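Each chain, written out:
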Amino acid sequence: MQQIQRAPGIKFVTVSTLNESKAVERIPSFLSGFRKREFKFTWILVGKGGKEKEIEQEINKYGIRENCIWIKESVPHDFILNMFRATDFYLILHKYSIFDYAILEAMSCGNIPILSRIGGNKEVVINENGFFSDEDGLEDKIIDLIESKEFNLMKEKNVTLQQEKFSEYSSLNHYSKWCDFWKPTQIRDD
């Protein structure tokens, strides 16, 4: 945790199984744009899986080895939450996804999501609270945000949005309303 806290620059984090659907191997290419601009950043990756070798090759190909902290062993959930509190952006570029709980946990700790524009992700970036990876001029938008007073406001917006839309209470409340909507109406005798 101390290494993460001391890491230079803005901190991107990804927590994922390294498989085909999560497409973590796309991230080094995405981050290389920040490296080309000599923008200080650290990417913290927590995960293991079948795509490890490919991700390793992409990290080397795009020259971001010095910008990476890769944790391959299992870590306690409390560590993940503390790591989310110490980072700035949650970054995942799924090929397909139903819904990713790690995104919501990261948002609840103030991370700003940067996601691929697919189902499951489109439901999370809903109120100018994050970015889609295919946005034009995204690197400039992110750098401008970091250098503005809006940066901390957007981090706070994600905490609030997660509580209002995706917390356990919110989910149960929405489910309850959905059940009430589908209750059959009472049949009258007359």
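Draft legend 1. Up close: the environment of Ile112. Within the fold, Ile112 resides in strand S5 (residues 112-115). Separated by 23 residues in the primary sequence, Ile112 and Phe89 have C-alpha atoms spaced 4.5 Å apart. If near-sequence neighbours (up to four positions away) are discounted, Ile112 is found in contact with Asp88, Phe89, Tyr90, Asn129, Gly130, Phe131, Leu145, Phe151, Met154, Lys155 and Asn158.

Draft legend 2. The arrangement of the sheet that holds S5 in detail. Sheet architecture is open: six strands sit in the order S3-S2-S1-S4-S5-S6, paired in parallel fashion. Only two strands of the sheet have a single partner each, and these edge strands are strand S3 (68-71) and strand S6 (131-132). Sheet topology places strand S2 (residues 41-46) next to S3; four bridges connect them, and they run parallel. Pairing of Trp43 across the sheet is with Cys68, part of S3. Packed on one face of the sheet, helix H2 (residues 27-36) meets strand S1 (10-15), S2, strand S4 (89-92) and S5 and runs near 165° to S2.

Draft legend 3. Local environment of the packing of aromatic side chains. Counting across every chain of the model gives eight aromatic pairs. On the basis of an interplanar angle of 80° and a centroid distance of 6.0 Å, the ring pair of Phe12 and Phe41 is categorised as edge-to-face. Taken together, the residues span a long stretch of sequence, with Phe12 in strand S1 and Phe41 in strand S2 at a distance of 29 residues. In this structure Phe41 comes out as buried when scored by relative accessible area, which is 1%. Both rings, one in Phe89 and one in Phe151, keep their centres 5.9 Å apart while their planes meet at 35°; by these two values the pair is tilted. Of this pair, Phe89 sits in strand S4 while Phe151 sits in helix H7 (residues 150-166), and the two are 62 residues apart along the sequence. An identical accessibility class is assigned to Phe89 and Phe151; each is buried. Taken together through their ring pairs, the aromatic side chains of Phe12, Phe30, Phe34, Phe39, Phe41, Phe89 and Phe151 make up a single cluster.

About the thresholds
- Residues numbered from 1 in each chain as written.
- Predicted model: local features only at pLDDT ≥ 70, side-chain atom pairs only at ≥ 80, totals over all residues.
- Heavy atoms only, no water.
- Helix = DSSP H or I, 4+ residues; strand = E, 2+ residues; numbered from the N terminus.
- Contact = heavy atoms within 4.5 Å.
- Pairing = 2+ DSSP bridges.
- Axes fitted to C-alpha atoms, helices over the stretch in contact; angles between N-to-C directions.
- Phe/Tyr/Trp six-rings, centres within 6.5 Å; stacked < 30°, edge-to-face > 60°.
- Buried < 20%, exposed > 50% of the residue type's maximum accessible area, 1.4 Å probe, protein only.

Bear in mind that shape data such as this cannot, by itself, settle questions of function.
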